[in-house]
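# Breakdown of the fold
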Protein chains: 4
Amino acid sequence: MPLIVHQHSKAHLYSFRGLIYFRDLVDLRSTPVTASTPTPRVAVAFHSGYGHTAVLAEAVRRGAEKAGAEVAFIPVDAITDEQWAQLDAADAIVFGSPTYMGGASAGFHAFAEATSGRYLTSTWADKIAAGFTNSASKSGDKLNALNFMTALAAQHHMIWVGLGLAPGWNALTATEDDLNRLGFWLGAGAQTPQDGGTETVHSSDIATAGHLGARVAVQARIRVAGTSALAA
Amino acid sequence: MPLIVHQHSKAHLYSFRGLIYFRDLVDLRSTPVTASTPTPRVAVAFHSGYGHTAVLAEAVRRGAEKAGAEVAFIPVDAITDEQWAQLDAADAIVFGSPTYMGGASAGFHAFAEATSGRYLTSTWADKIAAGFTNSASKSGDKLNALNFMTALAAQHHMIWVGLGLAPGWNALTATEDDLNRLGFWLGAGAQTPQDGGTETVHSSDIATAGHLGARVAVQARIRVAGTSALAA
Amino acid sequence: MPLIVHQHSKAHLYSFRGLIYFRDLVDLRSTPVTASTPTPRVAVAFHSGYGHTAVLAEAVRRGAEKAGAEVAFIPVDAITDEQWAQLDAADAIVFGSPTYMGGASAGFHAFAEATSGRYLTSTWADKIAAGFTNSASKSGDKLNALNFMTALAAQHHMIWVGLGLAPGWNALTATEDDLNRLGFWLGAGAQTPQDGGTETVHSSDIATAGHLGARVAVQARIRVAGTSALAA
Amino acid sequence: MPLIVHQHSKAHLYSFRGLIYFRDLVDLRSTPVTASTPTPRVAVAFHSGYGHTAVLAEAVRRGAEKAGAEVAFIPVDAITDEQWAQLDAADAIVFGSPTYMGGASAGFHAFAEATSGRYLTSTWADKIAAGFTNSASKSGDKLNALNFMTALAAQHHMIWVGLGLAPGWNALTATEDDLNRLGFWLGAGAQTPQDGGTETVHSSDIATAGHLGARVAVQARIRVAGTSALAA
């Protein structure tokens, strides 16, 4: 069986028939999915300028679905009333944006401003939030974009779930195939060459985004279960 | 009855015989405390240079206790082995530091570095985290200190709970007695005159810190209940 | 003569016939304006959603002009080719934006993205940069907006000049009429009530923005003189 | 002659007999060094936990010296009165720190706090400032450390000079030997394996730090010349 496992920290990365899958054993083991467990609803609200961030958004979606969530996939520059309703109904929202010129994109900021009505009414209070971003440099100013997303989430009284992966590619024998190869914690950070198409989004970054989606689904499930238990 | 109620947003601030209390009606209402609900364990890990941040730490402690938590109170510059064990056992850790010269204090950073062993073993993964800070200016660089705390928490794979209060003192008829009078969201921000003693910590800032403690206790309770329910 | 002087730190604030002027004695004294001194060119590139930030931009303009600069005044959401040329020709660019939902406005980010061609060619390298922002809260997330502006400036290889004022309103006898009443350093931060019109922009914030304009003009003059001297 | 030139953007990187040198042609060309040009005084004030940051500090020193500066080299955890005097006399100060647990090191923060007397008296006002940092991850939270350094510099009313290099290693055919291989702008960011000794500090990161030293020297020279010209 052509299974190549790159192991780093708690997470496993599988390559099978050219596709990359991931599994964070600890997280998924610790959250048994039983018949009575409510399905967490995760929304991925992202802006993508040239398609790279959309590739990551897809990975977040797949990760969340594999972890048992029902996912709403929302490109924010064409958001519909139905999708706003999906955001309002979600247990968790994962924000995604390129990092452009030192911060999140104008397209994502326009979405953030469009949430101001919900901010005033605390509509999203206590939902889980998370974030991911992409730019052409290994570091770049991606941390600014993630810091902004935590500020946005905090204004909505949301609860921030970080990436939950040890950093990769940061030891003598480590490689760029490690999960979290760039070493982010607040969220998932990806790097795609400035002259590369969407097919050049790095497999590790895709897997890392997938991990974020799964982690958010898991955390949303815990939160929903907790709220239900206390209301019982 | 000499009860003065300053109402702002969802939160209520009571002044009674010179003491200030707070109650966030919505949060507490939504989390019924029944006999079977486990008691959340909250730790307040703070550094205080001249005692002002300690006043806020006390307020966080009282807020968490009023919301039903068992609280460990830990000045990090004299932390003991027993207190490290309390941090390891906590469901939530609230970080506190003054903002000095553009960031958190050296004393708090020394504590942060001392957590690096626990970082490597993900000991604090999935605990709830929150933060508060104090400086002499209304804004100052407090947001840098809070951003640092979110980074520290994310490195530990913790889950960040923000202040959860609408901003106060930001409308024509608003006053500095509003909760969250300085307008922070990531955590609680306080302002004490540079030439003022610990008795000059502002009553609104104390109440705001108390709110943060209560909110953390409530969120920790939900998380503990959720983990228990899924493990059942 | 109805002259009221609010003195704080090195700067003086004058109120005359309802208008507020300022003068930073030290800065201006240290930069004599002689016949042979070239006139520094300062551009104010700002986005204003409801007019409050435009009031600050006007103050920056007046401050820079009083300090001897020739000023281009550029609302970036309607920027013309001629104004792009003014930016390219400027010795210094002062960025301005509201802080909305945790960061600079989408309108300002759109401008930032539109500078990417100049980023690729380093067109603005070594120009002086500075920034100002406004929001409804005393602190709010204004520091995020200023941090973003420093990142934008750094991507352009610009040189960042901060506010250059001690913080005001941060001592027992200090008042909100102090310059830099909110305590910012990276740039000028203003606070206007969320329900207040442009006439409610605070006089201290206007004077503080004026100081920033003057400081930028002074620093641009030094830079231009230095470059000329070395090229002689 | 075994000269290998890696060309990227405006900067050139030379490898000769195993040592790496750099030269930024444009910057150096634009600032002729004549007999009458005053020598800029640059101080490198850094904390290094395990020696990696000290390697970068050495590179900054060499870069500044090659560009004609007189350099004071100051490990801040053992700073002497004479070295404080060197800082006070410097035209430019380059800050250096590891990034530990999400921010600058406690050792560097202790130094920052020790500057508070000079902050109160504006002793360092209008000096040039810059910064560099190192951590084990490609990105890590290095941007937080650099953002903190800009805040520290702004509190001192210093003028921030960024790295001034286009990002490297961010295109399809780019390599990790590019200058600024990690893509930083606010300052120089380096990455050294967590299990690697000081000999594993990357040659590109060393060259990048050297570039920063040279750039700071050049900018300090311009500033000194400008101040002199205006005082004439």
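None of these values were measured; they are calculated from a predicted model.

How each quantity is defined
- The residue numbers shown here count from 1 along each chain, following its written sequence.
- Each chain is given a letter, starting from A, and each ligand a number, starting from 1, according to the order in which they appear as written.
- Residue-level local features of this predicted model are given only where pLDDT is at least 70; pairs of side-chain atoms are given and counted only at 80 or more, and the full residue set underlies all totals for whole chains, interfaces and linings.
- Only hydrogens and water are set aside; all other atoms, that is, all heavy atoms of the structure, feed into the side-chain values.
- Here, a salt bridge means any Lys or Arg side-chain nitrogen found within 4 Å of an Asp or Glu carboxyl oxygen.
- The helix count covers DSSP runs of H or I at least four residues long, the strand count covers runs of E at least two residues long, and both are numbered beginning at the N terminus.
- The rule is simple: take the accessible area with a 1.4 Å probe, protein chains only, and divide by the maximum for that residue type; under 20% is buried, over 50% is exposed, in between is partly exposed.
- Two residues qualify as a contact provided that any one of their heavy atoms is within 4.5 Å of a heavy atom in the partner residue.
- Buried area is understood as the total, over both parts, of accessible area removed when two parts are fitted together, assessed with a 1.4 Å probe.
- Each polar contact in these results corresponds to two N or O atoms within 3.5 Å; when the atoms are within protein, one needs to be able to donate a hydrogen and the other to accept it, and residues that are neighboring in sequence are counted only if both atoms are side-chain atoms.
- Least-squares superposition of the copies uses the C-alpha atoms of those residues scoring a pLDDT of at least 70 in each of them.
- A score between 0 and 100, pLDDT records how confident the predictor is in each residue.
- Two strands are said to pair when DSSP picks up at least two bridges between them.
- Whether a crossover is right-handed comes down to one check: with the strands pointing away from the viewer, does the path from the first strand over the helix to the second run clockwise; if it does, it is right-handed.
- UniProt positions are given in the numbering used here, feature names are shortened, and annotations may be inferred rather than shown by experiment.
- Taking the helix axis as origin, the arc is that swept by the directions to the C-beta atoms.
- Angles shown run from 0 to 180 degrees and are taken between the N-to-C directions of axes, each axis being a line fitted to C-alpha atoms and, for helices, limited to the stretch in contact.
- Note on angle classes: values under 35 degrees are labelled roughly parallel, values over 145 roughly antiparallel, values of 65 to 115 roughly perpendicular, and the remainder oblique.
- Left-handed describes a crossing whose near helix is turned anticlockwise from the far helix through less than a right angle; right-handed describes the clockwise counterpart.
- Residues are grouped as follows: Ala, Val, Leu, Ile, Met, Phe, Trp, Tyr, Cys and Pro are nonpolar; Asp, Glu, Lys and Arg are charged; all remaining types, including Gly, are polar.
- Under the pairing criterion, centres of Phe, Tyr and Trp rings, with the six-membered ring standing for Trp, must be within 6.5 Å; the plane angle then separates stacked pairs below 30 degrees from edge-to-face pairs above 60, leaving the rest tilted.

## Concerning the pattern of salt bridges
By the definition in use, this model includes 29 salt bridges over all chains. As a salt-bridge pair, A:Asp205 and A:Arg181 come within 2.8 Å of each other at their nearest N and O atoms. Placement of the pair is A:Asp205 in helix H7 (residues 203-231) and A:Arg181 in the loop between strand E9 (159-161) and strand E10 (188-191), with a sequence separation of 24 residues. A:Arg181 shares its class with A:Asp205; the two are buried. Two residues, D:Arg41 and D:Asp91, come together in a salt bridge whose shortest N-O distance is 3.2 Å. Of this pair, D:Arg41 sits in strand E4 (residues 41-46) while D:Asp91 sits in the loop between helix H3 (81-89) and strand E6 (92-100); the two residues are 50 residues apart in sequence, bridging distant segments of the chain. We classify D:Arg41 as partly exposed; its relative accessible area is 36%.

## Describing the interface of chain D and chain C
How big an interface is tends to be stated in terms of the accessible area lost upon association of its parts. Each side of the interface is counted separately: chain D has 34 residues, and chain C has 34 residues. Together, the buried faces of chain D and chain C total about 2,800 Å²; carbon and sulfur atoms form 60% of this surface. Considering only the surface of chain D that becomes buried against chain C, D:His157, D:Trp185 and D:Leu230 emerge as the three largest contributors, covering 24% of it. Inspection of the chain D/chain C interface yields two salt bridges. Residues C:Arg215 and D:Asp126 are paired through a salt bridge, measuring 2.9 Å at the closest nitrogen-oxygen approach. Between the two partners, chain D and chain C, sit nine residue pairs in polar contact (both at pLDDT 80 or more). Secondary structure elements with two or more residues in the side of chain D that touches chain C: helix H6 (142-155), strand E9 (159-161) and helix H7 (203-231) of chain D. Ranked by the residues each element gives to the side of chain D that touches chain C, the list is headed by H7(D), at 10 residues.

## Section: the relation of the copies chain B and chain A
Relative to chain A, chain B is turned by 180 degrees and slid 0.0 Å along the rotation axis, the superposed coordinates differing by an RMSD of 0.0 Å. Here the symmetry operator amounts to a two-fold rotation axis. Judged by C-alpha distance, B:Gly226 is the residue of chain B that lies nearest the rotation axis, at 1.6 Å. Residue by residue, 100% of the interface of chain B is reproduced at the interface of chain A, so both copies engage with the same surface.

## Focus on the confidence of the model for chain A
Residue and element names in this part refer to chain A. Here chain A shows a mean pLDDT of 88. Residues at 70 or above account for 84%. Per-residue pLDDT stays below 50 along residues 1-32; that stretch engages in 69 contacts with residues further than four places along the chain or on separate chains. Reported for the predicted complex are a pTM of 0.90 and an ipTM of 0.88.

## Some words on the interface of chain B and chain A
Between chain B and chain A, the residue contacts involve 34 residues of the former and 34 residues of the latter. The contact between chain B and chain A buries some 2,800 Å² in all, and 60% of this surface belongs to carbon and sulfur atoms. Contact with chain A buries area across many residues of chain B, yet B:His157, B:Trp185 and B:Leu230 alone supply 24% of it, more than any other trio. Inspection of the chain B/chain A interface yields two salt bridges. Connecting chain B to chain A are nine residue pairs in polar contact (both at pLDDT 80 or more). Counting residues per element, the ones that place at least two in the side of chain B that touches chain A are helix H6 (142-155), strand E9 (159-161) and helix H7 (203-231) of chain B. If one sorts the elements of the side of chain B that touches chain A by residue count, H7(B) sits on top with 10 residues.

## Describing the pairing of strand E5 (residues 70-75) of chain A
The side chains of a regular strand alternate, residue by residue, between the two faces of the sheet. Residues and elements named next belong to chain A. Bridge analysis of strand E4 (residues 41-46) against E5 gives six bridges, and the strand direction is parallel. Each bridged residue has a counterpart across the sheet, and for Ala-43 the counterpart in E5 is Ala-72. Handedness of the crossover joining E4 and E5 through helix H2 (residues 52-66): right-handed.

## Description of the environment of D:Ala67
Here D:Ala67 is to be found in the loop between helix H2 (52-66) and strand E5 (70-75). For the pair D:Ala67 and D:Val216, spaced 149 residues apart in sequence, the C-alpha to C-alpha distance is 8.9 Å.

## Topic: the relation of the copies chain D and chain C
Once turned by 180 degrees and shifted 0.0 Å along the axis, chain D lies on chain C with an RMSD of 0.0 Å. With an isologous cut-off of 70% or more, the 100% of interface residues of chain D that recur at the interface of chain C puts this contact in the isologous class.

## A word on the UniProt feature "domain: Flavodoxin-like" (unreviewed entry) in chain A
Under the local residue numbering, the UniProt record ascribes the feature "domain: Flavodoxin-like" (unreviewed entry) to residues 42-190 of chain A. In residues 42-190 of chain A, the share of helix is 35% and the share of strand is 24%. The end C-alpha atoms are 21 Å apart.

## What to know about the side chain of A:Gln83
Residues and elements named next belong to chain A. Residue placement: Gln-83 occurs in helix H3 (residues 81-89). Under the relative-accessibility criterion, Gln-83 is labelled buried at 14%. In this structure, Gln-83 is in contact with Phe-73, Ile-74, Pro-75 and Ala-78, ignoring residues within four places of it in sequence.

## Concerning H3(A)
Given 3.6 residues per turn, any residue in an α-helix points the same way as the ones three and four places further on. Residues and elements named next belong to chain A. Within H3, the full set of buried residues consists of Gln-83, Trp-84 and Leu-87. For H3, the arc enclosing every buried residue in end-on projection is 105 degrees, short of the 170-degree limit, so these residues lie on one face. Those residues of H3 that are exposed and aimed more than 90 degrees away from the buried face are Asp-81 and Glu-82. On its buried face, H3 sits against E4, E5, strand E6 (92-100), helix H4 (106-114) and helix H5 (116-120).

## Quick notes on the packing of H6(B) against H6(D)
Between H6(B) and H6(D), the shortest axis-to-axis distance is 11 Å and the interhelical angle comes to 165 degrees. Considering the angle they form, H6(B) stands roughly antiparallel to H6(D). Relative to H6(D), H6(B) is oriented so that their crossing is left-handed. Of H6(D), the residues touching H6(B) (which contributes B:Asn144, B:Asn147, B:Phe148 and B:Ala151) are D:Asn144, D:Asn147, D:Phe148 and D:Ala151. Grouping the constituent residues of the contact of H6(B) with H6(D) by class yields four nonpolar, four polar and no charged.

## Re the packing of aromatic side chains
With the rule as written, the count across this model stands at 32 aromatic pairs over all chains. Ring geometry for D:Phe95 against D:Phe108: centres 5.8 Å apart, planes inclined by 75 degrees, an arrangement best described as edge-to-face. Of this pair, D:Phe95 sits in strand E6 while D:Phe108 is found in helix H4 (residues 106-114), placing the two residues 13 residues apart along the sequence. Just as D:Phe95 is buried, D:Phe108 falls in that class too. Each member of the aromatic cluster is reached from another via a ring pair, and the members are A:Trp84, A:Phe95, A:Phe108, A:Phe111, A:Trp124 and A:Phe148.

## Here's the deal with the packing of helix H7 (residues 203-231) of chain C against H7(D)
Helix-helix packing is characterised by the crossing angle of the two axes and by the distance between the axes. Interhelical geometry of H7(C) versus H7(D) gives an angle of 100 degrees and a closest axis separation of 7 Å. Comparing their axes, H7(D) and H7(C) come out roughly perpendicular. Contacts between H7(C) and H7(D) involve C:Gln219, C:Arg221, C:Ile222, C:Arg223, C:Ala225, C:Gly226, C:Thr227, C:Ala229 and C:Leu230 on the former and, on the latter, D:Gln219, D:Arg221, D:Ile222, D:Arg223, D:Ala225, D:Gly226, D:Thr227, D:Ala229 and D:Leu230. Across the contact of H7(C) with H7(D), the residue classes break down as eight nonpolar, six polar and four charged.

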